[in-house]
Each structure stands twice: as structure tokens, then as C-alpha cells.
Amino acid sequence: MIDPAGEALHDGIPATWRTLTDTLRIVWLRVPAAPGWQSTVDKVLTAHRDDTAPARLDVVCSGPIAADVVDLVRGHEHLVNSVLLVDPETEVSAPFARVIARSDDTSDDRIPAPLPLGHPDVVNAVAEQVR
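Residues numbered from 1 in each chain as written. Predicted model: local features only at pLDDT ≥ 70, side-chain atom pairs only at ≥ 80, totals over all residues. Heavy atoms only, no water.

1. So, unusual backbone geometry
Peptide bonds are, in most cases, trans, and in most cases residues other than glycine have a negative phi.
Okay, so step 1: Positive phi outside glycine occurs at D87, with the angle close to 50°.
Okay, so step 2: Given a relative accessible area of 9%, D87 falls into the buried group. (Buried < 20%, exposed > 50% of the residue type's maximum accessible area, 1.4 Å probe, protein only.)

Here it is, written out as C-alpha cells:
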């Protein structure tokens, strides 16, 4: 999870994600707390480049950084199963990237764009994609 808003409380993953931690390994990167987030993501992906067991890495991001994340993943495409996008600000074209949620698709009219990554609709959409 690459969170451009970094809104989760208490430096943990949002409570809405905790039920999935029994079956998924979730790493949450808050962009405001990591100004060099691109190099952090690149280092994490590079660390897996020689893995003998195939990794199933799914990257989730939203809003203003979606295109940057897709560009970054292009260099590690063989490691990444998918980039799941929430409310991307621009059109993103890559075979491994797909939009899974938009703020205008939710029944909650109070949610501003981009839809927070901790929103239950995002959690459900990600769970459907990675199972």
C-alpha cells in the first residue's frame, strides 16, 4: 500500500485492513512520512528480484501518485502481479495496472476524491482482486 494521504492513525494499518492480515502480508507506506518513497519502493522490489520462489506482489495506490507508481513498477514488472489503482488522477495504461475503485462509485456521498485507502470499498475491492 502506497498511501499518498498517509491518514492512518497510530502508525499502523487502518482497522479496516486488519481482518486481512491473517491471509495477506500488508506493508503500508505513507508518502508524507517518506519523502523518498520512490527509492523505498524500488529497494523493496529490487530485494525480491532474485527470489527463487515466485512472488505475488500486488501494489495498491491512489490519486496523484498512481502514474508515478505504475512507471516505477515497469522496471520490476516480472515481480509484480498487479498495480491496483484507486481514483487515479490521470489515465494509466499498463497491462498490470487496473482501476479497482473510484470515489464516485461509493454510496457514501461525503467521501471526497480520492477515496481513502482505508475505506471499506477499497478493502473489499483489493480482497476480491488478490484472492
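2. Some thoughts on the environment of V70
Okay, so step 1: Position of V70 relative to the elements: it lies in helix α2 (residues 66–74).
Okay, so step 2: Given a relative accessible area of 1%, V70 falls into the buried group.
Okay, so step 3: In sequence terms V70 and S93 are 23 residues apart; their C-alpha atoms lie 8.5 Å from each other.
Okay, so step 4: Setting aside its immediate chain neighbours within four residues, V70 contacts V83, L85, V92, A94, F96 and A97. (Helix = DSSP H or I, 4+ residues; strand = E, 2+ residues; numbered from the N terminus. Contact = heavy atoms within 4.5 Å.)

3. Quick word on the environment of T19
Okay, so step 1: Here T19 is to be found in the loop between β1 (2–3) and β2 (29–30).
Okay, so step 2: For the pair formed by T19 and V123, sequence separation is 104 residues and the distance between their alpha carbons is 9.9 Å.

4. A closer look at the layout of surface pockets
Okay, so step 1: Its volume calculated, the largest pocket comes out at about 720 Å³.
Okay, so step 2: In terms of lining, the largest pocket is formed by 20 residues, of which the most central are M1, R25, V27, L57 and D58.
Okay, so step 3: Counted by class, the lining of the largest pocket contains 15 nonpolar, two polar and three charged residues. (1 Å grid on protein atoms, 1.4 Å probe; cavity = no way out; pocket = protein on both sides within 12 Å on 5 of 7 lines; lining within 4 Å. Points joined across faces, edges and corners; volume = space filled by probe spheres on them. Nonpolar A, V, L, I, M, F, W, Y, C, P; charged D, E, K, R; others polar.)

5. What about the side chain of S82?
Okay, so step 1: Structurally, S82 can be placed in strand β4 (residues 80–86).
Okay, so step 2: Of the polar contacts made by the side chain of S82, one reaches the side chain of D58; its length is 2.5 Å.
Okay, so step 3: Ignoring anything within four residues of it in the chain, the contact list for S82 reads L57, D58, V59, F96 and R98. (Polar contact = N/O pair within 3.5 Å; in protein donor to acceptor, adjacent residues only side chain to side chain.)

6. Quick word on the pattern of salt bridges
Okay, so step 1: With the rule as written, the count across this model stands at one salt bridge.
Okay, so step 2: Linking D71 and R74 is a salt bridge whose minimum nitrogen-to-oxygen distance equals 3.4 Å. Residue D71 and its partner R74 are both found in helix α2; the two are separated by three residues, about one turn of the helix.
Okay, so step 3: Residue classification places R74 among the partly exposed positions, given a relative accessible area of 39%. (Salt bridge = Lys/Arg side-chain N within 4 Å of Asp/Glu carboxyl O.)

7. Considerations on the pairing of β4
Okay, so step 1: Burial of β4 is extensive: six of the seven residues sit out of reach of the surface.
Okay, so step 2: In the sheet, strand β3 (residues 57–62) pairs with β4 via six bridges, with the strands oriented parallel. For S62, the partnering residue across the bridge sits in β4 and is V86.
Okay, so step 3: Pairing of β4 with strand β5 (residues 97–101), which is carried by four bridges, proceeds in the parallel orientation. Residue pairing for β5: V83 is matched across the bridge by A97. (Pairing = 2+ DSSP bridges.)

8. Section: the environment of T40
Okay, so step 1: In this structure, T40 sits in helix α1 (residues 37–47).
Okay, so step 2: Separated by eleven residues in sequence, T40 and L29 have C-alpha atoms that sit 9.0 Å apart.

9. A short note on α1
Okay, so step 1: If you check which residues of α1 are buried, you get W37, V41 and L45. Take α1 and look down its axis: the buried residues cluster within an arc of 70°, on one side only. Pointing more than 90 degrees away from the buried face of α1 are the exposed residues K43 and A47.
Okay, so step 2: Among the structural elements, β1, β2, β3, α2 and β4 are those in contact with the buried residues of α1. (Arc of directions from axis to C-beta.)

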